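# An overview of the molecular structure
So you can see what is in the structure, the chains are spelled out below.
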Amino acid sequence: MRKPDIHDLLKTRFGYDEFRPLQVDIIQTVLAGRDALVLMPTGGGKSLCYQLPALCLEGLTLVVSPLIALMKDQVDALRANGVAAAFVNSTVPASEARGILAEARSGRLKILYIAPERLAVPGFSEFLGSANVSLIAIDEAHCISEWGHDFRPDYRNLRVLRERFPNAPVMALTATATAQVRDDIVGQLAIPEARQFVASFDRKNLTYTVRPKRRAFDALLELLRQHAGGSAIVYCLSRQNTEDLAADLGDEGIRALPYHAGLDASRRRDTQDRFIRDEVPVVTATIAFGMGIDKPDVRLIVHYHLPKTLEGYYQETGRAGRDDLPSTCVLFYGASDRHALSGFIEQIEDETERERAWQKLRQMVRYSELHTCRRAFLLDYFGEVYDQATCGNCDVCLTEREEFDATEIAQKVLSAIIRTGERFGAAHIVQVLRGGRARRVLALGHDRLSVYGIVRDHDRAELHEIVSLLENAGLVRRSADQYQTLAVTPGGREFLRGREPLTLARVKRVEADAPQPRPGLDHLDFDRGLFEQLRDLRFRLAQARNVPPYVVFGDRSLQEMAHYAPQSCESFSHISGVGRVKLDEFAGEFLEVIRGYAESHGLVERRKPQRETRRRRNLRREGSTHRQTLDLFLGGLSIADISRRRRLAAATIMSHLEDLIAADVTLPLERELPAPERLTRIREAFATTNSRSLATVRGLLGDDYSYDELRLVRAWLDQQHRRNVDASGHTAEAPPS
Ligand code: ADP
Ligand code: ZN
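What this report covers is the structure whose coordinates are included nearby. Keep in mind that what you see is a predicted model, and the values were worked out from it rather than measured.

## Some words on the overall build of the chain
Along the chain, the regular secondary structure elements total 33 helices and 17 strands. Each principal axis of the C-alpha distribution contributes one length, and for the chain these read about 105 × 65 × 55 Å. Seen as two clouds, the 102 positive and the 102 negative side-chain charges of the chain have centres 2 Å apart.

The following block contains the structure:
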């Protein structure tokens, strides 16, 4: 059998047009039989890296995951794409598990998810003895390391898989791995030769914003209203906070449920399910919420209170926008939260632990008070070099700035730092400069310094901003301990001596609204009304099938439908997320909604630009079997003639022509069409059944019509349809050369 092309599989099975960064390399590596270690951020698209090879390989792909709650969703999503997948874990009754393992052994199953505990279950070893395993994927691979944050002793048993199936490549995947954890994974799994893939942890589609914590509840309401229709998580500090906030939101007409570790298991599961199924749009939660959910379309993550660490913050915000669509992360920052956390930290008994907690909090505070790109700061913190001057997608980069001559004010600030002995934090320096009467200023005699009270034209906030700007310009340094005392750097002294002019860029002084994310970033201007109708349909279809809505189609798919307004199966098939199985199952109902809406709102279909895939290029390549058929057909031979000449079945020739049409080649099919009356009847049959299925149409027309004939008309209709769309003025692509 011909090895399926991985680009083909991406579209036909998963419905996607393009691979994400690294996916191709990773897939090719395991298909070549090599082990791989994959580090990708949440939402990077790790699952596809083993799901797609699983379809290319002969035997079974075994996926180990500790997240039992996720297995069902993953398997549902695979099945919706027609992939034979199943899971066995503690929630599956023994008898059922036996049946699933039998399926797996027989080769009917392509992908089997197991929890690591399964390896110790009696009988599983026999199963492994008889199964034909061709790929082993270890998800959340950091669980194998005691250095990670989520050590699971059962993961240590996984190396038996390597011993059991020495020829099956092992793929370890994780979103969290320091060099230490990475080494541990490779060592523990005994995959020293594994190729390591480290993706960028930059989540370009996430907008990072920090808001001052003033009238925060009103601001939260507004945010949630702006994101109505999407899902949101609001992280809070305490269990009580989550309950109070959910109730308050409810009073304002926003449906929200609380989630924290103090609620009983069934209540938590229920909340999680309702969130995943779009039955409740908002969850107010402690950090206990999130591990077990893989919801790709969370559009907003709010931190209503200051998180304790940047690690936690990045992980929590990482749950937004896994589907790569623009999503927002907002942190409310105020001094009271900082004090509350400081209070907790002071109660930590162990000194090293307490010091570590201080350090983490300081980083969190620095992030919150940043006047430079937040993304650059985050990536730098996680050890990645970010070399862009501006990300264009955080509140700092999105805020308009103005340059100003800072020469004089900088001299004053630096002098004050030096005169007070470089032993004080920003608050004290600002006090001195503004001539404040704080007890400490007076007690230290700082009111007698020449720098006392020399700044009158800047308020406190402005001075704090200037201190930060000087820090970013490298003229001032903040100590790393909890006091954050300021000192002047050698560069700062140089500046004082040299008396060169200094220009800094500060936030433009206008009370601006919340910054809007930069448009153009994977951003379609789709029709909102149509999108809502499609969303309703998706919700109904998902409920009927008892799966989460995103299993039917992701938001990206609906957005494309609401933008391109496809009106035929052929154009529908080009929508992202529409693979072969979903085309058959869902095209009818979605097209009906789109057509109805288009008609009543005067919406015209737009042609989606098709990427020239390798497969499509191949079709027209000199000497390819499709090309031979094409040349003969263009040379005037009939399908029957070509079939005879090439000694291939007429059905094969017809399928070549269909592939060529799908690849945008225009063919003179008219000469093969049946007589006008027959043609009309066939056309009508396709229209009334609203189906691409030849059997359905033939069922309507009767045996007098042949499959070959119907197939030809279908191909011709596709081609006609494409022309009409192009003629409506939306040609998006040059004709094939
Ligand atoms: P991770 O496990 O790395 O957090 P997932 O595997 O859950 O990420 O993928 C996140 C989302 O991206 C899923 O909805 C998945 O279907 C989607 N996805 C993965 N690869 C692609 C791709 N090549 N094109 C479009 N969407 C993709
Ligand atoms: Zn930025």
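After presenting the structure, the write-up continues.
## A closer look at the site of ligand 1
Neighbouring ligand 1 are 14 residues, the closest being Tyr 16, Glu 18, Gly 43, Lys 46 and Ser 47. Contacts to ligand 1 include Gly 43, whose backbone N or O atom sits 2.6 Å from an oxygen atom. Within the side chain of Ser 47, an N or O atom sits 2.6 Å from an oxygen atom of ligand 1. Protein contacts shield 81% of the accessible area of ligand 1, which totals 560 Å² for the unbound molecule.

## Quick notes on helix H13 (residues 335-346)
Spanning 12 residues, H13 covers 16 Å between terminal C-alpha atoms, matching the ideal 16 Å at 1.5 Å per step. Among all positions in H13, only Asp 337, Leu 341, Ser 342 and Ile 345 are buried. Along H13, the residues classed as buried sweep out an arc of 140° about the axis, all on the same side. Opposite the buried face of H13, by more than 90 degrees, sit the exposed residues Ser 336, His 339 and Glu 346. Buried residues belonging to H13 abut strand E13 (327-333) and helix H14 (351-368).

## Quick notes on the coordination of the zinc ion (ligand 2)
Donor atoms from the polypeptide that bind the zinc ion (ligand 2) are Cys 373 (SG), Cys 391 (SG), Cys 394 (SG) and Cys 397 (SG), placed at 2.3 to 2.4 Å. The site at the zinc ion (ligand 2) holds four donor atoms, and with the angles between them running 101 to 119°, its shape is tetrahedral.

## Let's talk about the sheet that holds strand E8 (residues 206-212)
Read from one edge to the other, the open sheet built from six strands follows the order E8-E13-E12-E9-E11-E10, with strand pairing classed as parallel. Of all the strands in the sheet, the pair left with one neighbour each is E8 and strand E10 (256-259). Neighbour to neighbour, the strand axes of the sheet diverge by 20° on average, direction disregarded. Note that strand E9 (residues 231-235) and strand E12 (residues 298-303) share five bridges and pair parallel. Across the sheet, residue Ser 231 finds its bridge partner in E12, namely Val 298. Relative to E10, helix H10 (residues 239-251) is tilted by about 175°, and along the sheet it contacts E9, E10 and strand E11 (282-285). Packed on one face of the sheet, H14 meets E8 and E13 and runs near 110° to E13.

## Details of empty space enclosed by the protein
A full pass over the atoms with the stated rule returns three cavities of 30 Å³ or more. When its volume is computed, the largest cavity comes out at roughly 110 Å³. Together, 13 residues line the largest cavity, and Ser 571, His 574, Glu 605, Arg 607 and Lys 608 are the ones closest to its centre. Sorting the residues of the lining of the largest cavity by element identifies helix H25 (569-572) and helix H33 (707-727) as the ones contributing at least two each. No other element matches the three residues that H33 contributes to the lining of the largest cavity. Taken together, the residues of the lining of the largest cavity break down into four nonpolar, three polar and six charged. Of the volumes computed, that of the second largest cavity is approximately 80 Å³.

## As for the nonpolar core
Counting 74 residues, the largest nonpolar core has Leu 52, Leu 112, Tyr 113, Phe 127, Leu 161 and Leu 189 as its most contacted members. Residue contributions to this core peak at seven residues, all from helix H3 (residues 46-56). Residue contacts for Leu 112: discarding those within four places in its chain leaves Leu 60, Thr 61, Leu 62, Val 63, Ala 86, Phe 87, Val 88, Ile 100, Leu 101, Ala 104 and Phe 127. Of all hydrophobic cores here, the second largest spans 73 residues; its members include Tyr 259, Val 298, Ile 575 and Leu 583.

## Some points on H3
Because each turn of an α-helix spans 3.6 residues, side chains separated by three or four positions in sequence point in the same direction. Burial within H3 is extensive, with 10 of its 11 residues counted as buried. Every buried residue belonging to H3 is among Lys 46, Leu 48, Cys 49, Tyr 50, Gln 51, Leu 52, Pro 53, Ala 54, Leu 55 and Cys 56, and all of these are buried.

## Re the pattern of salt bridges
Within the structure shown, the criterion is met by 40 salt bridges. A salt bridge links Arg 225 to Glu 252; the nearest nitrogen and oxygen atoms lie 3.9 Å apart. Placement of the pair is Arg 225 in helix H9 (residues 216-226) and Glu 252 in the loop between H10 and E10, with a sequence separation of 27 residues.

## With respect to the packing of H14 against helix H15 (residues 374-381)
It is at 10 Å that the axes of H14 and H15 come closest, and there the two elements cross at 155°. Taken together, the axes of H14 and H15 lie roughly antiparallel to each other. Between H14 and H15, the contacting residues are Lys 360, Gln 363, Arg 366, Tyr 367 and Ser 368 on the first element and Arg 374, Phe 377, Leu 378 and Tyr 381 on the second. By residue class, the composition of the contact of H14 with H15 is four nonpolar, two polar and three charged.

## Details of a negative patch on the surface
A surface patch of like charges, here negative, comprises Glu 243, Asp 244, Asp 248 and Asp 251. Residue placement: Asp 251 occurs in helix H10. Owing to a relative accessible area of 65%, Asp 251 belongs among the exposed residues under this scheme.

## Quick word on the packing of helix H17 (residues 407-419) against helix H20 (residues 460-472)
Interhelical geometry of H17 versus H20 gives an angle of 85° and a closest axis separation of 11 Å. With respect to H20, the element H17 is oriented roughly perpendicular. Contacts from Ile 409, Ala 410, Val 413 and Leu 414 in H17 reach Leu 463, Ile 466, Val 467 and Leu 470 in H20. Within the contact of H17 with H20, the residues separate by chemical class into eight nonpolar, no polar and no charged.

About the criteria used
- Residues numbered from 1 in each chain as written.
- Chains lettered and ligands numbered in written order.
- Predicted model: local features only at pLDDT ≥ 70, side-chain atom pairs only at ≥ 80, totals over all residues.
- Heavy atoms only, no water.
- Helix = DSSP H or I, 4+ residues; strand = E, 2+ residues; numbered from the N terminus.
- Lys, Arg positive; Asp, Glu negative; His and termini not counted.
- Charge placed at Lys NZ, Arg CZ, Asp CG, Glu CD.
- Near = heavy atom within 4 Å.
- Polar contact = N/O pair within 3.5 Å; in protein donor to acceptor, adjacent residues only side chain to side chain.
- Areas by Shrake-Rupley, 256 points an atom, 1.4 Å probe, with all protein chains shown as cover.
- Expected span 1.5 Å × (residues − 1).
- Buried < 20%, exposed > 50% of the residue type's maximum accessible area, 1.4 Å probe, protein only.
- Arc of directions from axis to C-beta.
- Contact = heavy atoms within 4.5 Å.
- Donors = N, O, S within 2.8 Å, 3.2 Å for Na, K, Ca; no water.
- Tetrahedral: all angles 85-135°; square planar, octahedral: opposite > 155°, others 65-115°.
- Pairing = 2+ DSSP bridges.
- Axes fitted to C-alpha atoms, helices over the stretch in contact; angles between N-to-C directions.
- 1 Å grid on protein atoms, 1.4 Å probe; cavity = no way out; pocket = protein on both sides within 12 Å on 5 of 7 lines; lining within 4 Å.
- Points joined across faces, edges and corners; volume = space filled by probe spheres on them.
- Nonpolar A, V, L, I, M, F, W, Y, C, P; charged D, E, K, R; others polar.
- Core = buried A, V, L, I, M, F, W, Y, C linked by side-chain atoms within 4.5 Å.
- Salt bridge = Lys/Arg side-chain N within 4 Å of Asp/Glu carboxyl O.
- Parallel < 35°, antiparallel > 145°, perpendicular 65-115°, else oblique.
- Patch = residues over 30% accessible without salt bridge, like charges linked within 9 Å, V, L, I, M, F, W, Y side chains within 5 Å.

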